[in-house]
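# Chain and residue survey
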Amino acid sequence: MNKIASIIIAAVFAIALLGGMAAMIGGGLLGAIVFIIGIPVAFPMSTSIVVLFFAVIIVRTVIQKRRERREMRAFLKDNAED
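Let us look at the structure shown here. Every chain is numbered on its own, with residues counted from 1 as its sequence reads. Note on the predicted model: pLDDT of at least 70 is required for a residue's local features to be given, and 80 or more for side-chain atom pairs to be given and counted; whole-chain, interface and lining totals, by contrast, use all residues. In computing side-chain properties, one takes all heavy atoms of the structure into account and sets aside hydrogens as well as water.

## Brief notes about the overall build of the chain
In this text, helices come from DSSP runs of H or I with a minimum length of four residues, and strands from runs of E with a minimum of two, each type numbered from the N-terminal end. Along its length, the chain carries 1 helix and 0 strands. Each residue is placed in one exposure class: buried if its accessible area under a 1.4 Å probe, protein chains only, is under 20% of its type's maximum, exposed if it is over 50%, and partly exposed if it falls in between. Taken across its 82 residues, the chain has 0% of its residues classed as buried. As displayed, the chain has an accessible area near 7,700 Å², and 77% of this comes from carbon and sulfur atoms. Computed by Shrake-Rupley with a 1.4 Å probe, the accessible areas treat only the displayed protein chains as cover when residues are assessed.

## As for a positive patch on the surface
Where like charges cluster on the molecular surface, the positive patch consists of K65, R66, R67, R69, R70 and R73. Tracing the backbone shows R70 in helix α1 (residues 2-81). Here, patches come from residues exposed beyond 30% relative accessible area and free of salt bridges, joined within 9 Å for like charges and within 5 Å for nonpolar side chains (Val, Leu, Ile, Met, Phe, Trp, Tyr). Salt bridges, as used here, are contacts in which a Lys or Arg side-chain nitrogen is within 4 Å of a carboxyl oxygen on Asp or Glu. We score Asp and Glu as negative and Lys and Arg as positive, and we do not count His or the chain ends. For the purpose of locating charges, the reference atoms are NZ of Lys, CZ of Arg, CG of Asp and CD of Glu.

## Description of the packing of aromatic side chains
A pair of Phe, Tyr and Trp rings is counted when the ring centres sit within 6.5 Å of each other, with Trp represented by its six-membered ring. The angle between the planes then sorts it: under 30 degrees is stacked, over 60 is edge-to-face, the rest tilted. Here the structure, examined in full by the defined rule, presents 1 aromatic pair. Each ring, one from F53 and one from F54, has its centre 5.5 Å from the other, and the planes form 70°; the classification is edge-to-face. Overall, F54 belongs to the partly exposed group, its relative accessible area being 48%.

## Re a nonpolar patch on the surface
On the surface, a cluster of nonpolar side chains totalling about 560 Å² of accessible area is made up of V50, F53, F54, I57, I58 and V62. Turning to its location among the elements, I57 is positioned in helix α1.

And the structure:
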């Protein structure tokens, strides 16, 4: 009876180990697939964030330059009247 019990315990343990190994391999493959799929998804997002950042800087610079020109014209106009 002990031999049958030890064979059953060994079989259950082997199935558990094989299931764990299959889960690790499957998880590794799934992680690799997600990583490969994630690169094309993440790259445009990071690129768009960088483009948006520089667009904001350019727009702020243009607005600042217009404001400076407007103030300079107003200053010169006021000094011309004096």
